[in-house]
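Examining the three-dimensional arrangement
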Amino acid sequence: MIYERRPSPLHAARAWVAAVWCITLGLVALSIEQPVVLGALLAAVLGAAAAAHAGRRVALYLAWGVPFALVIALINTLVTRDGITVLVRGFNLPVLGQLDITLEAAVYSAVLGLRFLIVIGCAGLLAACVDPDELLRAVRRMSVRSGVTAAVATRLVPVLARDARRLAEARRTVGDDGRRRVAVLRAVTSGALDRATDVAATLEVRGFALASRPGRERRPWSRHDLAFAASALALALLGILAAAEGWAGFRAFPRLGPALGAEPLLLAGALCLLVLLPFADRRGVGR
Amino acid sequence: MSVLELSGVSYAYPGEPDALRDVSLTVEPGEFVVVSGGSGSGKSTLLRAACGLVPHFHGGVFAGRLRCAGLDTREHGPGELAAVAGTLLQDPETQVLMGTVRAELAFPLENRGFAPAAVARGVEEAALALGIAGLLDRSTHELSGGELQRVALGAALAGRPQLLLLDEPTSQLDPVAGDELLGVLRRVNEEWGTAVLLAEHRLERCLPAADRVLALEAGRLAFDGTPEAFLQRSAETPIARLFSLAGRPERPVTVKDARRALGAAPRAAEEPGPSAAPAPRDAALTLQRVWFERDAAILRSVDLRIGAGDTVALMGRNGAGKSTLLRVAAGLWKPTRGKVSASGRVALLLQNPGDYLLEERVDRELPAPQLEAAGLGHLAARHPRDLSGGERQRLALEIVLRSAAGAPAVVCLDEPTRGMDRGHKDRLARRLRELAAGGTAVVVATHDAEFAAAFAARTVLLGDGRPVADAPTADVLGGGWYFATQTARVLGAAALTPEQGAELITDLAVPEVPA
């Protein structure tokens, strides 16, 4: 949730363009089922993160997402009854009855987990590389109060995280053995409410009650704005075309298929190229 | 026209007694007015009334008339008043709303419907005026408390208001950041002609800039006059106390005035040589070649021995390693190298006493007999959040002292006097001396030289992660330039506290210098 300005083309692009690019990347991942193409897309997301000097941050998001991806994959494998290549037969579970684990269900579940990870990676890129103030300023042009509420909520997350760390440290200094968890929870909650009241008072004295819409900023389009806008457009078109033409064709049930052909490989290469190309030009990335 | 005009203003928060009682006053354009008063005297309420938060945000019962730059607060809310009065409250964390400094400075201007070009210009001007242009593209979450408060001041000033309202803006800051903020305020007042209404405990720092002082007592305006007249009425600064105790009629506001009033005589007095080292006592805490390293080395081979019953002030600039040393001593953080040993438990009170207060009544934090023993029995039925900063600090100290782990051999306190008024500082110093008399070693990290002089027999000055001076307090704070008490600045190393200084002046029979 914490944005830091770094010298990278993605940071240098205007916020709404960068945000649209990250979201498009996530949507393309959701439209694809072919595991090889998804794997390439995940690699491209990691490459983009590294090129944006946010590799560590995005890797942390992915590390956080891996257990969830595994849970998704595991549950889906257990509850899916399709597929003909049985790997393990005869689980008897209450309510669910007899469960067979099939190769097809396992592969399809892995695809779901992979997609989830790519979406998490895109969200990590967005959080690490898109200026929330600039983005929310754009939102405020449409809805003033929603935009400010989102901005303040974003700002309060690290503040409350710091409060929680301080509180935990204070508990350690008095040898707290964890028996007062309810009291700690109450203190954290009431502390958050106090913070919220103080923030509301600050909003008042900064003239939020008048809340005019911010004026449209006439800012010339930079090379990075154009590059990421073009990349987003091309990604979206390629995703639509691939879905329509079946270039990323993949069938999990009843049997895995079709065999890996040239089309998915070409699609994977094209997607990687479109994702990474806007990072090639690093002129004017500082501020 | 006055920028602020109160006529018979009384106000009570919902369900509470009057916080302001029949207050009438005016503030003229370009004036620098300091509001003084103890905790609960109505300072914050006065400022909140001036910016329209009272009654529009807080509710309650309001009587009388308050005009801010001609706008009557009964008809105009805080949003409209924001155009004429910038407001800065206590907590820097909740004064900054946006993710970047640039967005923060732009926010009030955008709310008022300024065109983008005017917003951009206002942001640049406010940033340059406050010396924060280098922070414009920084994330607000990575700023220090002092930087946050300057950014919040920038946001309050961005629309060039006629009046600036500040409610103890330095109470959460360390003294260095607090001094910087007060310096900025002085410049804003002198160069832009912005009127300032400032509620502040650190009177010795802000009175030199003040044209007038208002003193509130129980919600009433008890005094309205010049800083000199205010100090005649109550000797609130160390220098005024020095002159009062010495029986002198003058009440100088600055160190320079005090020196002039006394002539050269006391400073000419012989500076004492190094004090005799006290007899060594059993070690309560020992640090042997302690290193603490994160991205950089914070403590570098610290050797320190603290005896049972010692009172030690730990001083040094920000980042010198004071807080880290206390955390390492208390076992909260493990040293990277070296050895820490203590003869018993090392209790640590961190900077924010509110973090120790979890319950909804004070007597649930500590049993009544323990509260009574600590002199806090009268607070038993109160909510901890309703206590003043000083009361919270004392309660948190008792909680740390009486934790389940047993009586401590060493007590460490990290910046305990931030935002405390003089009365609470005196009571805290007394309590720490009591603990030391009982054999507990007391170590306090502080920037407050007056407090260090009042309670500590020994001062350790940290520089760049290691002790650069370790000597009796009189030696360290008497001969220093920055790390020196106000009395020492006036009288040299001959005296640290107003009491010692008064004795010296009386002994030397310094004649009064004609005005």
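In what follows, the accompanying structure is described. Since we're looking at a predicted model, the values are computed, not measured.

As a further point, take the overall build of chain B. Helix and strand counts for chain B stand at 22 helices and 19 strands. Here the C-alpha radius of gyration of chain B, 24 Å, is about what a compact globule of 515 residues would show, namely 24 Å. Taken over 515 residues, chain B has a buried fraction of 54%. A separation threshold of at least 6 residues defines the contact pool for chain B, and within that pool the share at least 24 residues apart is 67%.

So, about the overall build of chain A. When its secondary structure is counted, chain A shows 10 helices and 2 strands. Along chain A, helices and strands appear, N-terminal first, in the series α-α-α-α-β-β-α-α-α-α-α-α. C-alpha atoms of chain A, sized along the principal axes, occupy 65 × 60 × 30 Å. Within chain A, the proportion of its 287 residues that are buried is 38%.

Residue and element names in this part refer to chain B. Overall, antiparallel pairing links the 4 strands, which are arranged β2-β1-β4-β5 in an open sheet. This sheet does not close on itself; its edge strands, each paired only once, are β2 (18-27) and β5 (71-72). Pairing between strand β1 (residues 4-12) and β2: 6 bridges, direction antiparallel. From the neighbouring strand, V9 faces β2, where its bridge partner is V23. Against the sheet, helix α1 (residues 43-50) touches β1, β2 and β4 (61-68), its axis set at about 60° to β2.

The next subject is the pairing of β4 of chain B. Residues and elements named next belong to chain B. Looking at chain direction, β1 and β4 are connected through 7 bridges and run antiparallel. By the bridge assignment for β4, E5 is matched with R67. Joining the antiparallel neighbours β4 and β5 is a turn of 2 residues, in which A69 adopts a positive phi near 50°.

Here we take up the interface of chain B and chain A. Tallying the contact residues gives 46 residues for chain B and 45 residues for chain A. Here the element with the most residues in the side of chain B that touches chain A is helix α5 (residues 101-111) of chain B; it accounts for 5 residues.

This next bit is on the nonpolar core. Among soluble globular proteins, nonpolar side chains are generally buried collectively. Among the nonpolar cores identified, the biggest contains 233 residues, and A18 and L125 of chain A together with A50, L197 and C412 of chain B are the most heavily contacted of them. Among the elements that line this core, the one with the most residues is helix α5 (residues 103-129) of chain A, at 14 residues. Setting aside anything within four residues of it in sequence, one finds C412 of chain B in contact with L326, A329, A330, V346, A347, L348 and V443 of chain B.

The next point concerns unusual backbone geometry. Look at the link from F253 of chain A to P254 of chain A: it is a cis peptide, with omega at -5°. The amide bond that connects V54 of chain B to the next residue, P55 of chain B, takes the cis arrangement and shows omega of 5°. With respect to the element layout, P55 of chain B can be found in helix α2 (residues 53-56). Not every positive phi belongs to a glycine, and E168 of chain B is a case in point at roughly 40°. Position of E168 of chain B relative to the elements: it lies in the loop between β7 (163-167) and α8 (175-192). Its identity as a non-glycine residue notwithstanding, A218 of chain B has a phi of 50°, on the positive side. Tracing the backbone shows A218 of chain B in the loop between β9 (212-217) and β10 (220-225).

About the criteria used
- Residues numbered from 1 in each chain as written.
- Chains lettered and ligands numbered in written order.
- Predicted model: local features only at pLDDT ≥ 70, side-chain atom pairs only at ≥ 80, totals over all residues.
- Helix = DSSP H or I, 4+ residues; strand = E, 2+ residues; numbered from the N terminus.
- Rg over C-alpha atoms; globule rule 2.2 N^0.38 Å.
- Buried ≥ 20, exposed ≤ 12 C-beta atoms within 10 Å, placed from the backbone.
- Contact = placed C-beta atoms within 7 Å.
- Pairing = 2+ DSSP bridges.
- Axes fitted to C-alpha atoms, helices over the stretch in contact; angles between N-to-C directions.
- Core = buried A, V, L, I, M, F, W, Y, C linked by C-beta atoms within 7 Å.

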